[in-house]
Amino acid sequence: MATVALTGDNFQEHVEKPGILIIDWWAPWCGPCRTFGPIYDKASDRHTEAVFGKINTEDQPELAGTFGIQSIPTLMVFRDQVLVFARPGVIPGDALDDLIGQVKALDMDDVRRQMAEHEAEHAHDHGDGHDHHHDHDHDHDHDHDHGHDHAHDHAHDHHHDHEHAAPGGTGPGGSSRSD
């Protein structure tokens, strides 16, 4: 299956679809991105049940800013509208295949239950009955054990009105650019 160019115009449409959406954040000037590109394209041929999107950070700076993309390539994986993986760096083909297998095996009811429990544990109690908008970041790095041997970190979208950044740093094989 060919990859899909994701933009500000079609991003939400693809994220809201059921199933697996894998996103490669990249730029033409990025050497590691050019290394990862063929690996990603071949994986899209092997895993036709998933949508493989590509976001050129040069052409889509608003999207990159929304997700706090600081290093590229960055790989993100959504399953059924939930962000389940985000990490910068080049991922070898066999590791990408393994990651996709782990995402397929997730019990999404269990993931959502754990997310709800996490939300309840970290809810802000203001005691005045008002829903307050918080314009600050929360660190949501935590591990979930879904009964699988996970060789990868998993980030979860917790449906806050906050911007969530992928883990910082360039990671292995990553590239960052500051102009």
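See the structure above.
Each chain carries its own residue numbering, running from 1 in the written order of its sequence. Local features are withheld for residues below a pLDDT of 70 in this predicted model, meaning they are given only at 70 or higher, and side-chain atom pairs are given and counted only at 80 or more; totals for whole chains, interfaces and linings count all residues. Note that water and hydrogens are dropped before the side-chain values are worked out from all heavy atoms of the structure.

## What to know about the packing of helix H2 (residues 31-46) against helix H4 (residues 93-105)
For step 1, the next point in the chain: Throughout, an axis means a line fitted to C-alpha atoms (over the contacting stretch in the case of helices), and angles, computed between N-to-C directions, take values from 0 to 180 degrees. Helical segments are the DSSP runs of H or I of at least four residues, strand segments are the runs of E of at least two, and each set is numbered from the N terminus. For the pair H2 and H4, interaxial distance at closest approach is 10 Å and the crossing angle is 45 degrees. As far as their axial angle goes, H4 and H2 are oblique. Here the hand of the crossing between H2 and H4 comes out right-handed. Of H4, the residues touching H2 (which contributes Phe 36, Ile 39, Tyr 40, Ala 43 and Arg 46) are Gly 93, Leu 96 and Asp 97.
For step 2, the next point in the chain: Each residue is assigned to one class: nonpolar for Ala, Val, Leu, Ile, Met, Phe, Trp, Tyr, Cys and Pro, charged for Asp, Glu, Lys and Arg, and polar for all the others, Gly among them. For the contact of H2 with H4, the per-class residue count stands at 5 nonpolar, 1 polar and 2 charged. Small angles under 35 degrees read as roughly parallel and large ones over 145 as roughly antiparallel, with 65 to 115 read as roughly perpendicular and the rest as oblique. What makes a crossing left-handed is the near helix being turned counterclockwise from the far one by less than a right angle; a clockwise turn instead makes it right-handed. By the convention used here, residues are in contact when the closest approach between their heavy atoms is within 4.5 Å.

## Concerning the side chain of Asp 80
For step 1, the next point in the chain: Among the structural elements, Asp 80 can be located in the loop between strand E4 (74-79) and strand E5 (82-88).
For step 2, the next point in the chain: Between N or O atoms, a polar contact is any pair within 3.5 Å; within protein, one atom must be a potential hydrogen donor and the other a potential acceptor, and residues adjacent in sequence are included only when both atoms are from side chains. Only 2.7 Å separates the side chain of Asp 80 from the backbone nitrogen of Gly 19, close enough to count as a polar contact.
For step 3, the next point in the chain: With near-sequence residues (within four places) excluded, Asp 80 lies in contact with Pro 18, Gly 19, Met 108 and Arg 112.

## Points about the sheet that holds strand E2 (residues 20-26)
For sheets, the rule is that strands pair by backbone hydrogen bonds, running either parallel or antiparallel.
For step 1, the next point in the chain: In this description, strands pair whenever DSSP reports at least two bridges between them. Taking strand neighbours across the sheet as the criterion, the 5 strands line up as E1-E3-E2-E4-E5 in an open arrangement whose pairing is mixed. Each end of this open sheet is capped by a strand with a single partner; those strands are strand E1 (4-5) and E5.
For step 2, the next point in the chain: Relative to E4, E2 runs antiparallel, the two being bridged by 6 bridges. By the bridge assignment for E4, Ile 23 is matched with Met 76.
For step 3, the next point in the chain: Contacting E2, strand E3 (51-56) and E4, H2 runs over the sheet at an angle of about 160 degrees to E3.

## Concerning the packing of aromatic side chains
For step 1, the next point in the chain: Pairs were defined over the aromatic rings of Phe, Tyr and Trp, the Trp ring being its six-membered one, requiring ring centres within 6.5 Å. Orientation was assigned from the angle between planes: stacked under 30 degrees, edge-to-face over 60, tilted for the rest. If you walk through the whole model with that rule in mind, you get 5 aromatic pairs.
For step 2, the next point in the chain: Taken together, a centroid distance of 5.4 Å and an interplanar angle of 65 degrees make the contact between Phe 11 and Phe 67 edge-to-face. Remark: Phe 67 occurs in the loop between helix H3 (61-66) and E4 and Phe 11 occurs in helix H1 (residues 11-15); sequence separation between them is 56 residues.
For step 3, the next point in the chain: Residue classification places Phe 67 among the buried positions, given a relative accessible area of 15%.
For step 4, the next point in the chain: Grouping aromatic residues by their ring pairs yields a cluster made of Phe 11, Trp 25, Phe 67 and Phe 78.
For step 5, the next point in the chain: The cationic tip of Lys 54 hangs over the ring face of Trp 26; the distance from NZ or CZ to the ring centre is 5.4 Å. We call a residue buried when its accessible area falls under 20% of the maximum for its residue type, exposed when it is over 50%, and partly exposed in between, using a 1.4 Å probe and counting protein chains only. Geometrically, a lysine NZ or arginine CZ counts as sitting over a ring once it is within 6 Å of the ring centre and also within 35 degrees of the ring normal.

## Description of the state of the cysteines
For step 1, the next point in the chain: In what follows, a disulfide is any cysteine sulfur pair within 2.5 Å. Throughout the structure, instances matching the rule amount to 1 disulfide.
For step 2, the next point in the chain: In this model, Cys 30 is linked to Cys 33 through a disulfide, with the two sulfur atoms separated by 2.4 Å. Disulfide Cys 30-Cys 33: torsion about the S-S bond near 80 degrees, hence right-handed. Like Cys 33, Cys 30 is buried.

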